[in-house]
Amino acid sequence: MTSFNRSTSRRLKKLTQIPSVWEGDRRPLSSPSQHSDSEAKGECILWVDYSQGVVRGMDVVASDIGPEAIVRTLMQAMEHPQSPARPARPQRIVVKDREIQFYLRGVLQDLDIAIDYAPELPLIDELFRGFADILDSQTPDLPPQYAQILREKAFAIWQAAPWEFLEEQQILSIEINKWDVGTLYASVMGMLGMEYGILFYRSEESLKQFRAAVLRDEESTEHLEEAFLKQDCLFLTFESADETDEEDDLADLPLSEIDPTFGNIHPLEGLRSVLYDEEALVILVAIESLSRFIRDHRRQLHEDIFPTLSRRYRISLPQSEESTKSIAVTVSTMPQLAAELEEMAGFGVDEREIGNLDFQSLQDDLIPEDSFLSLGVVSWEMLEYLRKGVSYHPAGEIKQVGDGLPVILIQTSRPKAKTVIERIETVGGLRAICFNPGADSFDGDRYDLGLLQTQNGELFLFGEFLDEDPIHVEARKKWNQRCKNTKGYCGLIIAKGLTGASRGNPQLRDMMALFEARSLSPKDLGIGTLQLMPQLKFE
């Protein structure tokens, strides 16, 4: 058995011994009426002076901490007691646990303190009854009757992963018309890979006001926090169950390590991570109808152009909702609102710069066939070096937001690189970069076609990517988010060194030209899905 050092015993014996009886005990924090895991909440250690009716020491420890913890708390009660008590040691200690009694007798044998057992500890019993009343009166995060089903629906959303194909501005309306809720406007978070979840705005106006405030004050932390608290929405977010995994992408964690969180934000209430009965039913119905909509229209929602879709569902309610067994809910996409939000963010085409797109034909003879191609990003620091060290063609003032400028990198041989650069310069430079859908009517394959548009309106194919290629899908997600950060600006880098040591990883010395441009969506380009013709050319 561990005992005090002799110096510690001498120090404690110097404390004034007062003629009082102290009670000590260690009990779980959760009350008997709660269904929560008491081990998760830990245990409370209390030392009280029964003679004076005051608490001298208290601590909360994990349930698996050994008996040494009760001794450490006793030392604090003697040497550094809570006010108004003064440092002292008692003449007698009473506990209601035989193991604690025998343990303390061994540890405190040199301190002239009697250690007794009693089946009841009146003062501590009263204090813990008070703690239990407080715990019982606390509102749980979720109504108990809906907690399990809400978590199940949340995990279904997590596995559906709508953030893989829906951007934050691609809003879905959920018409409920019950519990004083008309229509919710769902915004999916997570394409950036930073925060995953869904915001269910109670009004279109609240959604627009928040977006406008973020765009206006995106560099002011104080104003962003104020704008955040002025939202009017319910929310579902996902976090790591292990707080030590904060640096990991949640998408890489197993389902067992994902923790869904529900809550409410309102200008007059602020942020509240608690749902009451009606709110729980509203978000339950919203999540279930959204899950069904995603299941039924997943392929259409994967398209580059946000489609017009609508579907009606009948959602069953939990049995505790006696008056109504089910309700009808309509879920719809809102392409017009999405376009409006994109315009607010400046993420799209400036018609004054781009002008009318005069599509003649798609050419595939600009980029050499054996070129190395990648979608990536150039840090803002590296961008400054590039602008000074290579043939540079600016497109406008680019705001430095995010990790850098999204770029398409084309690496080929030096002679071919010079030819590509000269040809682009001859027609006035690069106007835009676009990814447009393409299809092969013979084998049914669908493609994501990388296109370059020069200032004279000509379109050149630089890459063909299968829609189902997971590497390209991930690269496109990052490309889209980075272009959003830069308000639609991107770049094309032409590099040499295809056959040298830097093949696939060109260094600054290998880069020969940087063309800055605008990123176009298929809707901006307006040429529709390109079909692969028998001549093996996209037209």
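See the structure above.
Residues numbered from 1 in each chain as written. Predicted model: local features only at pLDDT ≥ 70, side-chain atom pairs only at ≥ 80, totals over all residues. Heavy atoms only, no water.

Participant: Just checking my understanding: could you explain the pairing of strand β22 (residues 511–520) for this structure?
Facilitator: In the case of a regular strand, side chains alternate between the two sheet surfaces. With 10 of its 10 residues buried, β22 lies for the most part within the structure. Across three bridges, strand β16 (residues 391–393) lies against β22 in parallel orientation. Following the sheet pairing, histidine 393 is matched in β22 by phenylalanine 515. Sheet topology places strand β18 (residues 430–439) next to β22; three bridges connect them, and they run parallel. Across the sheet, the residue bridging to cysteine 434 is leucine 520, located in β22. In this sheet, β22 lies alongside strand β21 (residues 489–495) in antiparallel orientation, the contact comprising seven bridges. In the sheet register, cysteine 490 faces β22, and the bridge partner there is alanine 517. (Buried < 20%, exposed > 50% of the residue type's maximum accessible area, 1.4 Å probe, protein only. Helix = DSSP H or I, 4+ residues; strand = E, 2+ residues; numbered from the N terminus. Pairing = 2+ DSSP bridges.)

Participant: Looking at this model, I keep getting lost on the packing of aromatic side chains. Mind explaining?
Facilitator: Any two aromatic rings considered together are summarised by their centre-to-centre distance and by the angle between their planes. A complete count under the given rule lists eight aromatic pairs for this structure. With a centroid separation of 5.4 Å and an interplanar angle of 50°, the aromatic rings of tryptophan 158 and tryptophan 163 are classed as tilted. This pair shows no difference in class: tryptophan 158 is buried, exactly as tryptophan 163 is. Ring geometry for phenylalanine 435 versus tryptophan 479: centroids 5.8 Å apart, planes at 80°, classification edge-to-face. Of this pair, phenylalanine 435 sits in strand β18 while tryptophan 479 sits in helix α14 (residues 470–485), and the two are 44 residues apart along the sequence. Residue class for phenylalanine 435 comes out buried when judged on its relative accessible area of 3%. Assessed through its relative accessible area of 3%, tryptophan 479 is described here as buried. Positioned over the ring face of tryptophan 179 is lysine 178, at 5.5 Å from the centre of the ring. Between arginine 518 and the ring centre of tyrosine 489, over which it is positioned, the NZ or CZ distance is 4.4 Å. (Phe/Tyr/Trp six-rings, centres within 6.5 Å; stacked < 30°, edge-to-face > 60°. Lys NZ or Arg CZ within 6 Å of the ring centre and 35° of its normal.)

Participant: Which parts of the structure should I look at to understand helix α6 (residues 144–160)?
Facilitator: Each α-helix turn comprises 3.6 residues. Residues three or four places apart therefore point the same way. For α6, with 17 residues, the first-to-last C-alpha span of 25 Å sits near the 24 Å given by 1.5 Å per residue. Every buried residue belonging to α6 is among Tyr146, Leu150, Ala154, Phe155, Ile157, Trp158 and Ala160, and all of these are buried. Check the buried side of α6 and you find it contacts β8 (196–201), β9 (233–240), β10 (258–266) and α9 (277–301). Where α6 terminates, the next one or two residues include alanine 161, which has phi positive at roughly 50°. (Expected span 1.5 Å × (residues − 1). Contact = heavy atoms within 4.5 Å.)

Participant: Would you take a moment to explain the nonpolar core for this structure?
Facilitator: Soluble, globular proteins show a tendency: their nonpolar side chains are buried together. Core analysis: the biggest nonpolar cluster contains 52 residues, and Ile174, Ile176, Phe200, Phe238 and Phe262 have the highest contact counts within it. Per-element accounting of this core gives the leading share, 12 residues, to α9. Here isoleucine 174 is in contact with Gly182, Thr183, Leu184, Ala186, Phe200, Ala286, Ser289, Leu290, Val329, Thr330 and Val331, once residues within four sequence places are set aside. Core analysis: the next-biggest nonpolar cluster, separate from the first, contains 26 residues, Phe4, Leu15, Trp22 and Val107 among them. (Core = buried A, V, L, I, M, F, W, Y, C linked by side-chain atoms within 4.5 Å.)

Participant: I keep staring at the sheet that holds β10 and nothing clicks. Help me out?
Facilitator: Hydrogen bonds along the backbone pair up the strands of a sheet, which may run parallel or antiparallel. If you trace the eight strands from one edge of the open sheet to the other, you get β11-β10-β9-β8-β7-β6-β13-β12, paired in antiparallel fashion. Of all strands in the sheet, those with a lone pairing partner are β11 (270–272) and β12 (310–316), marking the two edges. With strand direction ignored, the average angle separating the axes of adjacent strands in the sheet is 25°. As paired elements, strand β6 (residues 172–178) and strand β13 (residues 326–333) share four bridges and run antiparallel to each other. If you follow leucine 172 over to β13, its bridge partner there is threonine 333. Sheet strands touched by α6: β8, β9 and β10. Its angle to β10, the strand with the most contacts, is close to 105°. (Axes fitted to C-alpha atoms, helices over the stretch in contact; angles between N-to-C directions.)

Participant: I would appreciate a short explanation of the sheet that holds strand β4 (residues 89–95) in the present structure.
Facilitator: On the basis of which strands lie adjacent, the open sheet formed by five strands has the order β3-β2-β1-β4-β5 and mixed pairing. Looking at which strands have only one partner, the edges of the open sheet turn out to be β3 (54–61) and β5 (114–117). Neighbour-to-neighbour, the strand axes of this sheet turn through a mean angle of 20°, independent of strand direction. By the bridge criterion, seven bridges tie strand β1 (residues 17–28) to strand β2 (residues 43–49) in an arrangement that is antiparallel. Looking at β2, one finds that arginine 26 is bridged to isoleucine 45.

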